[in-house]
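Here is what each chain is made of, one letter per residue.
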Amino acid sequence: MKTLLAFLRQTMLATCAALVPALAGATAYDARLPAEIHTAPRLCDYAPCAEVFPGANDFSERKGRPWYVEAYGERDGRRELLGYVMLSTDITDIPAYSGKPIVTLIGMDKDGRFVGVKILQHSEPILLLGIPESAMVRFNEQYLGKFIGDNIEIGRSRRDENVIGLDAVSGATVTVVAQNQVMMRSGGAVARQVGILDPTVREQARFVERGHAPDWATLVREGSVRRLTVRPDQVGLPRGPEPFIDLWFGYLNQPDVGRAVLGDLSYRNLMNQLGAGEHALFIIRSGGEESFKGSGFVRGGLYDRVQVRQGMDVFTFRDLDYRNLWGVHAAGAPAFDESAIFIVRSESFSAAYPWKLVFLGNRVDRATGHRSFANFDTEYWMPAEYLDGGRPKIVKPDAPWVRIWKMRAVEIALFAGLLVGVATVYAHRDRLTRASTQKNKWPVNAFKYAAWTISIGFVGFYLLAQPSITQVLTWFHALLFQWQWELFLTDPFIFLFWIFIIVTVFLWGRGLFCGWLCPFGSLSEMLYKIGGAIGLKRFQFKLSKPMHDRVKWVKYWVFGILLGTSMFSMGYAEVLAEVEPFKTTFLVGLLNRAWPYTLFAAGLLGLSIFIERPFCKYLCPLGAALAMPSTFRWFGLKRKQECDTCKACAVGCGSLAIDRDGRIDQRECLLCLDCMVLYTDAHACPPLAQERKRRVKAGLELTPIGADGYFIPIKPVAAASGAKAH
Amino acid sequence: MTQDTLHPSDEQLNPSRRKFLNSAALAGLAGAGLTVGLSACKQEAAAPAAAPAGAAPAPAARAASSADAVHLKPGELDTYYGLWSGGHTGDVRVLGMPSGRELLRIPCFVPDALTGWGITNESKKIMGTKPDGTLRYAVGDTHHVHASYKDGNYDGRYAWVNDKINSRVARIRLDYFICDKITKLPNVQGFHGIFPDKRDPVDPAINYTTRVFCGGEFHVPLPNDGRDLENPEKYRALFSCLDAETMEVRWQVLIDGNCDLVATSFDGKLAASNQYNTENGVHFQDMMSAERDACIFFNIARIEQAIKDGKFTTIPGSNVPVVDGTQAANKDPKTALTATVSVPKNPHGVNASPDGKYFICAGKLSPTATVIELQKVLDWFDGKLEDVDQTIVAEVELGLGPLHTAFDGRGNGYTTLFLDSQVVKWNIDAAIRFHNGDNTAQYVVDRLDVHYQPGHINASQSETMFADGKWLSVGCKFSKDRFLPVGPLHAENEQIIDISGEKMVLVADHPVRPEPHDFIFFRRELITTKQIYSHDDFPHAILNPNDTGVFRDGNKVTVKMTSLAPVFEPKEFKLKRGDEVTIILTNLDRIEDLGHGFAIPDYGINFVVNPQETASVTFVADKPGVFWCYCTHFCHALHLEMRSRMLVEA
Amino acid sequence: MVDPRMPTDPVAPPFAGRGTFAWLAAEAWHHLWPFSREGFARHRIVQAAGIALAASTMVAWFLAGTGRLEAVAIIAWWFGWSVFEVIVRLGAKPWVKEGPWWGRRYRRAHLMDMLCYVGFKNLLIGATLFLALKSAGLLVP
């Protein structure tokens, strides 16, 4: 089994590997980095530090917490500290679009200005091709010379809010938003360590001494003592009933809590040892085999498994910050076998504000044995009743995705309006099709063309919200690795679009998206319509039905191959997803890409003038993927028995979705509604026309056409009232 | 638990013991009476148990749990700090209790090869040197170690220990756990008992230790400069008072008799010492001639007032004020500086009960303990009592060879019976009632065999007002068959007893290197240690490796060095033969526990510098050649490589 | 004569006319179990291979459950099984539902219908099981 899989994978990789260089010059994509780069003290023996720090020729070992290295250069023949180099993954593990972090090497000078940025490894599909890596390089170049202490965000500069904007990379918003966080967090962590950025000064807590002696249960209930539990499966160990580590912790300076936990004497002793701006907290381990002390403090004097974070500040503990916890005084405390009092020696820390105890673990990948950082934390915020004046109000900065939603609220509202509008219009399609006739389809087309126009201009070119098969593959990836709502929420339009797509595919089939709202599809058919209107009609043609019925399967094969490839390598699937001209058309622009891409997209669009939607019909893997569940849409289009021999609709069907038996292929139908116009058109629909003529000839009343597509039968009034009596 | 360890509590009336006393007890003291004493004990063992039937299962269950408590699992910490004197090893040991694990030996009076105590200039200065720079004394005999108080409990500042051989007092800082000062008592020989006061007798604001009292045992001519060698009647002992901070001798009291131990009252008003040889005899038979010996009480406030009033003398060669505390000079209670309460012959040990009410003198040769009520002693000083012996509220029989008493804070005393090899638990109130004629009062609660010949005894927090009655440690002077034989010199046996219940339960034997005498143990919360030194402690500290090097002034050479694992700076230094060299070494490591050793081959030098500590040695470079100075205290993976070359030019 | 109102010819599976609960149970069974008696009769070889494949699928899930199989292999197994299920169903239960899922209209399934049905259904089942296993910590991604 394994060998077979391996063989398949090898074959696939070999094939794709042969393809990739031809398509794009991918460099950092899944680049193989030496394992030492994440661990070795001499980072710069493995990472190109000199490239991100022009002028530096000597680099120290990793130091600090989190890690960085010092960059030295020669000035006047003397070795001089020029600045710092850091590896982003030493500092933060913020994932990008792929769910994996972008490994970035960052250079920052002594004044806290970025001097070099280099992506060493990423797994971003969009950067593999579509968007050239050079776009990312250009994005990163925007950081050069910028000060770490500034408020740097993706988007417009907003002088009144002191925000310095960076130009995003079109089509890779999620990636650059993540990258910005990585840059600012990495630089900030080092700048704060080396003193470039002033430590945050938080107003110290003023305690209210209530003079009561809470027991353990009370301490836990009121939040004065909190718990941090890590399960073995969270660190890649076999699941078991025992926790990996089970910690309780709390803040001790507050007199009531401190006395309750330590007892009066120990509390007084401890407080006597603390100077101004020093804070004591305790930790006990009530379960699990893992130690929270480890042995790092023995050699390096530093406890490397626990730290306290408050905002952007990280507080670590040295051996001299440790005190013995002799016991927990409060009644009802759990039994514990490891304990500590740690002292935070910084005025940056304030008990008035929330903070987190972080347990720094390692996750071991059981399949590969690869170790990665896995941090676990629990927030602690002193209960308001212990604080003079209660808890201070804090304005938490919005998550990046929230900021994006707020920033683009108007567009989001418009877009949502468009989606709801189209769905509403379609839900009332009966009224539109009845208002239309074979000769005059404007009641339908007015809405449809409007939708196309908005979707091409606003959705496609402006919002860049072109759904793509890569998103389907990315979900697949995310499902396997790390599903993060935040990530998908970072692109609100695609997010909303997919909700719309999923709902409408279930309701009506894929046609509403493909036929009404897909920017590329709309553009394609719009070109066809325009072509017809400007006199190219005679050159326009359809494949013969039998031919069509063969070629239409190609798109399913395309989808199948993409799906199959994605199981082995997302990267290569992304390469193959270039069959979609979407990136070229909307995200990057026809003129911004290598000529093969431009030629392909332009060719398809050109062909669209003569064949209706050639890409949609025969190639689109996204369409194929949506077509499959469309088989089971709930509400299909209407047919009548006479359709089995009548060819009126089939002839007019642009999608070639009506077979010779008059049946509609749900998977191919793009819900243009032409046949539905015919369905109620007493002049165009042959069975209706026949009946109309008969009635006219017989002088009978022309009753309205019912839901079944026939004239409502004429029945005697008595019978009708009799029927009512039932 | 066998019947053997259960003793009837009403055996104090056993007449056979009384008879036995005068003949066998003395012989026992001479070392031959042991078997007889034991057999006497066994006699009683046959009597039916008097323990309440319902209490029987409890000790067994407790034994299991308390055994867990003394046998700590890896990573578990002890509940108590113990400070043990080291006897004639001249040191103080720190033990974790109740596990009995030895954590540290603090060298005080005697050089220590591990730390370089007595080798470094800093330690030599504390220990005292002859004019040629060599140590004044290389032997010591520590007996009693007691710590400083505040509000009736230990405050974790200091502990003091005596050196009986050379009459010195050493003070130990309880933050660094090092000896920081040594004072030699003038005109004292055989300095034995020692005890800090617990508060000031006059000023209520001073609720902590400011004085240390030292009992002189051997009476000698004053001054002992060769005069009166053949006039033993002029020999006298002195009772001394030191200032706890400066370690200067504040005053001395001339007394009759020889002081054994010292106790102080919780109110700060009284200090006392039990005395033998109140006859001031020189030979054994002279010392045994009086009917009773004494427990002498010192009225601290009156003594200090007398000195303030100038009513003192000095002894030639010393400017310490000396007041007269002899019985002859203190007959009028209203003016007396001392009160001499009689106790049975040759008493041993005086201990203050945690309730602050009583001092208890054990009889040693008498099978009794004498309970003296402190309020009555104060009453005597106020003239309210006719006879000073009216302060004795009980004098009850406990067993053979009672020596020292510990307390559980629940009204019970635990007294070692040297000859019986037992600990007896007895109730003080019941003893007083019995003494007052209530023959039904059964004051002996329990007896327990210990192994063997117990001397000092102490209980957790026993010498404070916060005696918690959890653990008892007994210093058995003989271990005999209790450990693997290692030749003629035996370890002593410190036995741990669980006293949290009605019955005592023996839970552990711990071999200790001879030969600790006295000890205290107290809650770990009371100590706050410093993890590493501070450069501020050392005026000569070298703060930067760049400041190291050889600094020459004629043939006086100073070598400034630093250590930072795994490197000494400088990596070599050059000297000339005959140079008087001082090496100053600062350990710049800041990591807890990362100390370095510094040894110079063939020069007899080795010492330890702890993190941020500075130490220095001075020697004459009299041997030319290359000498690899190396780190002796394991520090780093490159510990072996941590060296510096000392080059001595011929 | 064909009925153009249905994409393929209407079919009434044996359980189509049952009462609500019996019908629901039969529907569920239908989704989970591709074989039928008629199918067995006609496809003895396919049937044997099918049972073997079903067993190996079980093993694959079991291995994954005990953390000994990579997630990718699981997916491959599931994929293989799905292909096989399509073939079996075409023989044994060659119909799919038409229109609302709560309705009772069935129609004859062509190959593509069956591919869509099995693919869609097994994607849902697979994702559910996969997420369940993963959240239970039994699967190594």
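Being a predicted model, the structure only gives us computed values, none of them experimental.

> Hey, could you go over the pattern of salt bridges for me, with residue numbers and the actual values?
This model, assessed by the stated rule, comprises 74 salt bridges over all chains. Its salt-bridge partner being Asp-430 of chain A, residue Lys-638 of chain A comes within 3.8 Å of it at the nearest N-O pair. Linking Lys-638 of chain A in the loop between helix 26 (621-630) and helix 27 (648-652) with Asp-430 of chain A in helix 13 (residues 429-435), this pair joins segments that are 208 residues apart in sequence. Under the relative-accessibility criterion, Lys-638 of chain A is labelled partly exposed at 30%. Measuring nitrogen to oxygen at the nearest pair gives 3.8 Å for the salt bridge that ties Arg-236 of chain B to Asp-256 of chain B. Of the two residues, Arg-236 of chain B is situated in the loop between strand 9 (211-218) and strand 10 (237-243) and Asp-256 of chain B in the loop between strand 11 (249-255) and strand 12 (258-264); the sequence distance between them amounts to 20 residues. Given the relative accessible area of 13%, Asp-256 of chain B is considered buried.

> Account for the interface of chain A and chain B, naming residues and giving values.
Counting residues at the interface gives 17 residues for chain A and 10 residues for chain B. Of all residues in chain A, Asp-319, Leu-320 and Trp-326 of chain A bury the most surface against chain B, accounting for 54% of the area lost on that side. At the junction of chain A and chain B, the tally comes to 0 salt bridges. There are 6 residue pairs in polar contact (both at pLDDT 80 or more) connecting chain A and chain B. If you list the elements that add at least two residues to the side of chain A that touches chain B, you get helix 9 (264-273), helix 10 (296-299) and strand 13 (322-323) of chain A.

> Describe in detail the state of the cysteines, supporting the description with residues and values.
All told, the structure shown has 1 disulfide over all chains when counted by the stated rule. Covalently, Cys-44 of chain A is tied to Cys-49 of chain A through a disulfide, its sulfur atoms 2.1 Å apart. Taking the torsion about the S-S bond as the criterion, the Cys-44 of chain A to Cys-49 of chain A disulfide, at about -85°, is left-handed. The residues Cys-44 of chain A and Cys-49 of chain A share a single accessibility class, namely buried. Its sulfur unpaired, Cys-514 of chain A is 6.3 Å from the next cysteine sulfur, which belongs to Cys-518 of chain A. In this model Cys-361 of chain B remains outside any disulfide bridge; the closest cysteine sulfur is found in Cys-295 of chain B, 3.7 Å from its own.

> Can you break down the packing of aromatic side chains residue by residue, with the values?
By the definition in use, this model includes 68 aromatic pairs over all chains. One aromatic cluster in this structure is built from Phe-207, Phe-249, Tyr-251, Phe-315, Phe-349, Trp-355 and Tyr-380 of chain A. Above the ring of Trp-628 of chain B, the side-chain terminus of Arg-643 of chain B is found at 4.6 Å from the ring centroid.

Cut-offs applied
Sequence positions are assigned chain by chain, starting from 1 and proceeding in written order. By the order in which they are written, chains take letters starting at A while ligands take numbers starting at 1. In keeping with the predicted nature of the model, local features appear solely for residues at pLDDT of at least 70, side-chain atom pairs appear and are counted solely at 80 or more, and the whole-chain, interface and lining totals rest on all residues. As a rule here, side-chain values cover all heavy atoms of the structure and leave hydrogens and water aside. Just to be clear on terms, a salt bridge is a Lys or Arg side-chain nitrogen sitting within 4 Å of an Asp or Glu carboxyl oxygen. Each helix is a run of DSSP H or I of at least 4 residues and each strand a run of E of at least 2, with the numbering of both proceeding from the N terminus. Partly exposed describes any residue whose relative accessible area lies between the buried limit of under 20% and the exposed limit of over 50%, with all areas from a 1.4 Å probe on protein chains only and scaled to the type maximum. Contacts are assigned to residue pairs that have any heavy atoms within 4.5 Å of one another. Buried area, as used here, totals the accessible surface that two parts lose on assembly, with accessibility defined by a 1.4 Å probe and the loss added over both. Here a polar contact is taken to be a pair of N or O atoms separated by no more than 3.5 Å, where protein atoms must pair a possible hydrogen donor with a possible acceptor and residues adjacent in sequence count only if both atoms sit in side chains. The rule for a disulfide is simple: a pair of cysteine sulfur atoms within 2.5 Å. Each Phe, Tyr or Trp ring, with Trp reduced to its six-membered ring, pairs with another whose centre is within 6.5 Å; inter-plane angles below 30 degrees give stacked pairs, above 60 give edge-to-face pairs, and intermediate values give tilted ones. Both a distance and an angle decide whether a charge sits over a ring: NZ of Lys or CZ of Arg must be within 6 Å of the ring centre and within 35 degrees of the ring normal.

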